[in-house]
Amino acid sequence: MKNTFLKPFVLGLCLCGFTVFAQQNTYELPVAKPVDAGMRTYHLSYIDSLANEAITEKQVPGIVALVMRDGKVVYHKAFGQADPSGKKLETTSIFRIASQTKAITSTAAMILWERGKFQLDDPIAKYIPEFKDAQVLDSLLPDGSYTSHLADKPITIRHLLTHTSGIGYGAIDGDTRFRKLFEDAGIIDGFTTKNITLAENEPKVAKMPLHHNPGERFTYSEGIDVVGYLVELLSGKKLDVFMREEIFEPLAMTDTYFYIPKEKHERLVAVQALENGKWTDAGSNAFYAANYPISGAQTFFSGGAGLSSTALDYAQFLQMYVNGGELNGKRILSPTTVDFILSNQIGDIWADQGAGHGLAFKVVGEGASAKGGQGSPGTFEWGGYFNTQYFADPKQKLIGIILKQTLGTNNDQTAWKFRNIVFSSVAE
């Protein structure tokens, strides 16, 4: 069977017992039978069982799963509901990808790095002066003030990209002191309908104390939002414009946005929570405005959490990395730049995990790979706040994406099971 291609219309293609549905796209992305891409067709069908079981057990209300091998889509299916009304989830459904935004923002920064706009070990204060003389938190006092001491070194751009800056993460920070400090300062952490910009928000972040000295350890942070602001400063463009021109349009990511256009609102999947055995609208919380990303001022472009996308769009982004920085003749990054983005940049901080962190992703090391189920050394991965996950194995030329849209579902086992099934589906 010759390779079949996705055209600029919806296409259904039967592939040995299951159907792949392609979203509208502007260039041809190959689709193949699993066997023609060195995958076990029957074994991939275990994803169907996994999804149906998870929905029956109310681990999740719905799933979109996608697998690519050798640059070809070998599996792309949707299961379950898109909202509490029971609306059917589709492969073209749009999900809030939250922290999956981070890798795209980091890529935007590295595009500018390639153009000589900054050095990775530049102090961020060189570009955002408010970061000068960063302080490390000692104690939060009862009146809301705090004591601190001067950090032993400046925060660099590399620290920001690797989450070793010591910056906190407001409403989702593991330390209650930082949640209070960020809230009292009026800092926006992610998803908002308020009329605020990165230029207004990030200097406030700069005035917050740090968890620890820069480079000392990994602390998940709002640092990638700061990187997004840096992209704006160095490019002279809003982050959404820069991403569209430099990443989304070249990669034909036609369904990826900070704020979804009105004609695509109906494709946005609802964030759901399980209450009394039924899936309901999750509503809002301290970190998440329920109407994001379809209403409000639409002026805040969170580089750490703000994008929405589809499985196929995100697969195109990941495939660009697997290809060494290029997709369909459009080069985004140099192969040498991709190599060190995917290299461990945090030393032995994650040595106990057998992993590292590059300049955009967590990277599987020899230790984690040898334990099984994690992919080859060099596999890169991350996920998002609303229960989305992905991984890409450059050695096997394998990509897996599983998208859900939930809050508070602690019993969801789909991420690790999906990963096991996908990696063990490789036949050659």
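Residues numbered from 1 in each chain as written. Predicted model: local features only at pLDDT ≥ 70, side-chain atom pairs only at ≥ 80, totals over all residues. Heavy atoms only, no water.

### Section: the pattern of salt bridges
Working step 1: Here the structure, examined in full by the defined rule, presents 15 salt bridges.
Working step 2: A salt bridge links Arg158 to Asp121; its shortest N-O distance comes to 2.8 Å. On the criterion of sequence distance, the pair formed by Arg158 in helix α4 (residues 157-161) and Asp121 in the loop between α3 (101-114) and β8 (135-140) is long-range, its members being 37 residues apart.
Working step 3: By relative accessible area, which is 23% here, Arg158 ends up partly exposed.
Working step 4: As a salt-bridge pair, Lys264 and Asp255 come within 2.6 Å of each other at their nearest N and O atoms. Summarising the burial analysis for this pair, Lys264 and Asp255 share the class buried.
Working step 5: Taken together, the shared-partner salt bridges in this structure form one network comprising Asp255, Lys264 and Arg267. (Salt bridge = Lys/Arg side-chain N within 4 Å of Asp/Glu carboxyl O. Helix = DSSP H or I, 4+ residues; strand = E, 2+ residues; numbered from the N terminus. Buried < 20%, exposed > 50% of the residue type's maximum accessible area, 1.4 Å probe, protein only.)

### With respect to the packing of α3 against helix α7 (residues 223-235)
Working step 1: Between α3 and α7, whose axes approach to 9 Å, the crossing angle comes to 35°. The crossing of α3 and α7 is left-handed. Between α3 and α7, the contacting residues are Lys102, Thr105, Ser106, Ala108, Ala109 and Leu112 on the first element and Ile224, Val227, Gly228, Val231, Leu234 and Ser235 on the second.
Working step 2: Residues of the contact of α3 with α7, tallied by class, amount to seven nonpolar, four polar and one charged. (Axes fitted to C-alpha atoms, helices over the stretch in contact; angles between N-to-C directions. Left-handed = near helix turned anticlockwise from the far one by under 90°. Contact = heavy atoms within 4.5 Å. Nonpolar A, V, L, I, M, F, W, Y, C, P; charged D, E, K, R; others polar.)

### Brief notes about the packing of aromatic side chains
Any pair of aromatic rings gets described here by the distance separating the centres and the angle formed by the planes.
Working step 1: Inspection of the entire model under this criterion finds 26 aromatic pairs.
Working step 2: With a centroid separation of 5.9 Å and an interplanar angle of 65°, the aromatic rings of Phe191 and Tyr292 are classed as edge-to-face. Of this pair, Phe191 sits in the loop between α5 (176-184) and α6 (198-206) while Tyr292 sits in the loop between β11 (278-281) and β12 (308-309), placing them 101 residues apart in sequence. The pair Phe191 / Tyr292 is uniform in exposure class, with both members buried.
Working step 3: Measuring from centroid to centroid gives 5.7 Å for Tyr220 and Trp382, while their planes differ by 50°, and the two rings are tilted. One end of the pair, Tyr220, is in the loop between α6 and α7; the other, Trp382, is in strand β17 (residues 380-384), with 162 residues separating them in the sequence.
Working step 4: Note on Tyr220: relative accessible area 26%, which makes it partly exposed.
Working step 5: Given a relative accessible area of 19%, Trp382 falls into the buried group. (Phe/Tyr/Trp six-rings, centres within 6.5 Å; stacked < 30°, edge-to-face > 60°.)

### A short note on the side chain of Glu202
Working step 1: Mapped onto the elements, Glu202 comes out in helix α6.
Working step 2: Within the buried set, Glu202 has no salt-bridge partner at all; the shortest N-O distance to an opposite charge, 9.6 Å, is to Lys204.
Working step 3: A distance of 2.9 Å separates a polar atom in the side chain of Glu202 from a polar atom in the side chain of Asn201.
Working step 4: Here Glu202 is in contact with Phe131, Glu222, Asp225, Val226, Tyr229 and Phe300, once residues within four sequence places are set aside. (Lys, Arg positive; Asp, Glu negative; His and termini not counted. Polar contact = N/O pair within 3.5 Å; in protein donor to acceptor, adjacent residues only side chain to side chain.)

### Observations regarding the side chain of Gln59
Working step 1: Among the secondary structure elements, Gln59 is positioned in the loop between α2 (46-56) and β5 (62-69).
Working step 2: Classification of Gln59 by relative accessible area gives buried; the value is 5%.
Working step 3: Among the polar contacts made by the side chain of Gln59, one reaches the main-chain amide nitrogen of Gln413 at a distance of 2.8 Å.
Working step 4: Setting aside residues up to four positions removed in sequence, Gln59 forms contacts with Ala54, Trp279, Thr409, Asn411, Asp412, Gln413 and Thr414.

### A word on the pairing of β17
Working step 1: Within β17, five of the five residues are buried, which leaves the element mostly enclosed by the surrounding structure.
Working step 2: Of the two faces of β17, the one carrying Phe380, Trp382 and Gly384 and the one carrying Glu381 and Gly383 are both buried.
Working step 3: In the sheet, strand β16 (residues 362-364) pairs with β17 via two bridges, with the strands oriented antiparallel. Residue Lys362 lies in a different strand from β17, and its bridge partner there is Glu381. (Pairing = 2+ DSSP bridges.)

### A few points about the packing of α2 against helix α12 (residues 414-424)
Working step 1: Where α2 meets α12, the closest approach of the two axes is 10 Å, and the angle between their N-to-C directions is 170°. It follows that α2 is roughly antiparallel to α12 by the angle criterion. On α12, the residues touching Tyr46, Ile47, Leu50, Glu53 and Ala54 of α2 are Thr414, Lys417, Phe418, Ile421 and Val422.
Working step 2: Per-class residue counts for the contact of α2 with α12 are seven nonpolar, one polar and two charged. (Parallel < 35°, antiparallel > 145°, perpendicular 65-115°, else oblique.)

### Some thoughts on unusual backbone geometry
In most cases, non-glycine residues show a negative phi, while peptide bonds are predominantly trans.
Working step 1: Residue Pro293 is bonded to the preceding Tyr292 through a cis peptide linkage, with omega at 15°.
Working step 2: In this structure, Lys58 takes a positive phi of about 60° despite not being glycine.
Working step 3: For Lys58, a relative accessible area of 35% puts it in the partly exposed group.
Working step 4: Positive phi outside glycine occurs at Lys397, with the angle close to 55°.
Working step 5: Position of Lys397 among the secondary structure elements: in the loop between β18 (388-393) and β19 (398-403).
Working step 6: Taking the relative accessible area as the measure of exposure, Lys397 reaches 44% and is therefore partly exposed.

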